[in-house]
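Next come the chains, spelled out residue by residue.
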Amino acid sequence: MQEIAEKKFSLEDKKTALALLGYNDEYFNAFCKEFHCQITSRGDEIMIKGECSEVIKVEKVLQELLFLHKQGNTITMHEVRYSIDLVNKGKGDSLHHLFSEVILVTAKGRQVKPKTLGQRVYLDAIKQNYITLGIGPAGTGKTYLAVVMAVAALRNKEVERIVLTRPAVEAGERLGFLPGDLQDKVDPYLRPLYDALYDILGVETFQKFMSKNIIEVAPLAYMRGRTLDDSFVILDEAQNTTTQQMKMFLTRLGFGSKMVVTGDLTQTDLPRGVLSGLAEAQAVLANVEGIQCIHLEAGDVIRHEVVGRIVRAYDLYGQKNAMQTEK
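All values derive from a computational prediction rather than experimental measurement.

*Asks:* Can you break down the overall build of the protein residue by residue, with the values?
*Replies:* A count of helical and extended segments in the protein gives 13 helices and eleven strands. In the protein, which comprises 327 residues, the proportion classed as buried is 48%. As presented, the protein carries roughly 17300 Å² of accessible surface, and 51% of it is formed by carbon and sulfur atoms. Computed over 40 positive and 42 negative side-chain charges, the separation of the two mean positions in the protein equals 1 Å.

Here you go:
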């Protein structure tokens, strides 16, 4: 039987207590539910009593959340639950570094940081490789973080422009029937990329960059025949590319350029029997130097916590169906 320990964790003031414990003790209740020890809150103090190992875990989570708060960040349930999860898995030492790295500051002054270890690995891969494949479910930040890295590279003068592309209309790219010019036809399919750029750059700067062709947006078909030098190129929704489209895109890489390819293999809209270019690329390029494939998981989902549950539920459902099919 482990030794029983008792620890008093002092907070600076009521504002700090509110940030760490949450409105109506929302975060405090999460601590009580996840850790097997007695936790009580008395004004600006938190008392922890129980087995020594559990007391140390609670203290570690509180220390990391306090550090995050002092850095000027807003603590949400994601940070609370993710910190608890990593500490329970014995990975609490990585939290301090994870929460302290600022990738970029948006037009509104918001600091953009990796929020999960998976995101950190993804960002490191983009920094270290010419081509990065980011594969994962909705809400893992794979597209947004790719745009963040593109803007950071542009600000640091590592590239001269950003090129955004995406297969349109179930990868068929039949844009001729839509009204308007090319930009009007493409815009609906690139809305997630626009939203990310609006958030990071601000609408005015984004429009200025578009008018000067510093940011270029085009359907995937219009990449054919080009060599993209000194560019940060992002291919979004790549699960809807064919083998030929993916090979064509990857071979557009020019000198001084980086490419990020993002997609979710569970949301392929290709016709039945057509192999996704993204699925094939991760196998073909597995051992190619300068290219890395990163898989983000349900634990990296940053949207509302229910989204993470939905992703996990569908994963389990798919696994059960696969097992039944094998039988």
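Now, onward.
*Asks:* Describe the packing of helix α3 (residues 52–70) against helix α4 (residues 77–88), naming the residues involved and giving the relevant values.
*Replies:* In contact at an axis separation of 10 Å, α3 and α4 are set at 140 degrees when each is read in the N-to-C sense. Judged by the angle between their axes, α3 and α4 are oblique. Here the hand of the crossing between α3 and α4 comes out right-handed. Packed against α3, whose contacting residues are Lys57, Lys60, Val61, Leu65 and Leu68, the element α4 presents Glu79, Val80, Ser83, Ile84, Val87 and Asn88 at the interface. Split by residue class, the contact of α3 with α4 holds six nonpolar, two polar and three charged.

*Asks:* Before we move on, can you summarise the environment of aspartate 13 with the specific residues and values?
*Replies:* Looking at the element boundaries, aspartate 13 is found in the loop between β1 (4–10) and α1 (14–21). In terms of polar contacts, aspartate 13 uses its side chain to reach the backbone amide nitrogen of threonine 16, at 2.8 Å.

*Asks:* I'd like a rundown of the environment of lysine 142, residues and numbers included.
*Replies:* With respect to the helices and strands, lysine 142 occurs in helix α7 (residues 142–155). On a C-alpha basis, the gap between lysine 142 and aspartate 264 in space is 9.6 Å, while along the polypeptide they are 122 residues apart. Setting aside chain neighbours within four positions, we find lysine 142 in contact with Tyr122, Gly134, Ile135, Gly136, Pro137, Thr262, Gly263, Asp264 and Leu296.

*Asks:* Residues and numbers for unusual backbone geometry, please.
*Replies:* Even without glycine at this site, aspartate 25 takes up a positive phi of about 60 degrees. By secondary structure assignment, the location of aspartate 25 is in the loop between α1 and α2 (26–34). Look at asparagine 213: it is not a glycine, yet its phi comes out positive at around 65 degrees. Accessibility expressed as a relative area gives 44% for asparagine 213, which makes it partly exposed.

*Asks:* Tell me about the side chain of glutamate 216, and please be specific about residues and values.
*Replies:* Looking at the element boundaries, glutamate 216 is found in strand β8 (residues 215–219). Within polar-contact distance, the side chain of glutamate 216 engages the side chain of arginine 226 at 2.7 Å.

*Asks:* Quick rundown of the sheet that holds strand β7 (residues 161–166)? Include the residues and the values.
*Replies:* Strand order across the open sheet formed by six strands is β8-β7-β9-β10-β6-β11, with parallel pairing between neighbours. Looking along the sheet, the strands with just one partner apiece sit at the ends: β8 and β11 (291–295). Here the average twist between neighbouring strands, direction ignored, is 15 degrees. Bridging between strand β9 (residues 231–235) and strand β10 (residues 258–263) involves four bridges; their strand directions are parallel.

*Asks:* Quick one: what's the story with the packing of aromatic side chains, residue by residue and with numbers?
*Replies:* All told, the structure shown has three aromatic pairs when counted by the stated rule. With 6.4 Å between their ring centres and 15 degrees between their planes, tyrosine 194 and tyrosine 198 make a pair best called stacked. On the criterion of helical spacing, the pair formed by tyrosine 194 and tyrosine 198 is a turn pair, its members being four residues apart in helix α9 (residues 191–201). Classification of tyrosine 194 as buried rests on a relative accessible area of 3%. Aromatic side chains tyrosine 194 and phenylalanine 206 sit 5.5 Å apart centroid to centroid with 75 degrees between the ring planes, which places their arrangement in the edge-to-face category. In this pair, tyrosine 194 is assigned in helix α9 and phenylalanine 206 in helix α10 (residues 203–211), connecting sequence segments twelve residues apart. Since its relative accessible area comes to 3%, phenylalanine 206 is described here as buried. Through a chain of ring-to-ring contacts, the aromatic side chains of Tyr194, Tyr198 and Phe206 assemble into a single cluster.

*Asks:* Any details on the confidence of the model for the protein? Residues and values, ideally.
*Replies:* Overall, the prediction assigns the protein a mean pLDDT of 86, with 91% of residues at 70 or greater. Note on residues 169–173: pLDDT under 50 across the span, and 14 contacts to partners over four residues away in sequence or across chains.

*Asks:* Requested: an account of the packing of α1 against α2, with residues and values cited.
*Replies:* The geometry of α1 relative to α2 is characterised by a closest axis approach of 5 Å and an angle of 55 degrees between their N-to-C directions. As far as their axial angle goes, α2 and α1 are oblique. Across the interface between the two elements, Ala19, Leu20 and Leu21 from α1 touch Glu26, Tyr27, Phe28 and Phe31 from α2.

Criteria and thresholds
Every chain is numbered on its own, with residues counted from 1 as its sequence reads. Only residues with pLDDT of at least 70 are given local features in this predicted model, and only at 80 or more are side-chain atom pairs given and counted; all residues enter the totals for whole chains, interfaces and linings. With hydrogens and water excluded, all non-hydrogen atoms of the structure serve as input to the side-chain values. Runs of E in the DSSP output that reach at least two residues are strands. Runs of H or I that reach at least four are helices, and both are numbered from the N terminus. Throughout, exposure labels follow a simple rule: accessible area from a 1.4 Å probe, protein chains only, divided by the maximum for the residue type, with under 20% read as buried, over 50% as exposed, and the rest as partly exposed. Computed with the Shrake-Rupley method and a 1.4 Å probe, the accessible areas treat only the protein chains shown as cover for residues. In summary, the charge assignment counts Lys and Arg as positive and Asp and Glu as negative, without counting His or the chain termini. In this description, the location of a charge corresponds to atom NZ of lysine, CZ of arginine, CG of aspartate or CD of glutamate. An axis is simply a line fitted to the C-alpha atoms; with a helix, the fit covers only the stretch in contact. Between two such axes, the angle follows the N-to-C directions and lies from 0 to 180 degrees. An angle counts as roughly parallel when it lies under 35 degrees, as roughly antiparallel when it exceeds 145, as roughly perpendicular when it falls between 65 and 115, and as oblique in every other case. Crossing handedness: left-handed means the near helix sits turned counterclockwise from the far one by under a right angle, and right-handed means the same turn made clockwise. Contact criterion: two residues are considered in contact whenever any of their non-hydrogen atoms come within 4.5 Å of each other. Only Asp, Glu, Lys and Arg are considered charged in this grouping, and only Ala, Val, Leu, Ile, Met, Phe, Trp, Tyr, Cys and Pro are considered nonpolar; every other residue, Gly among them, is considered polar. Under the rule applied, a polar contact is a pair of N or O atoms within 3.5 Å (in protein, one hydrogen donor and one hydrogen acceptor; residues adjacent in sequence only if both atoms are side-chain atoms). Paired strands, in this sense, are two strands between which DSSP finds at least two bridges. The aromatic pairing rule takes the rings of Phe, Tyr and Trp, using the six-membered ring of Trp, and pairs them if the centres are within 6.5 Å, calling planes under 30 degrees apart stacked, those over 60 edge-to-face and the rest tilted. A residue's pLDDT is the predictor's confidence in that residue, given on a scale from 0 to 100.

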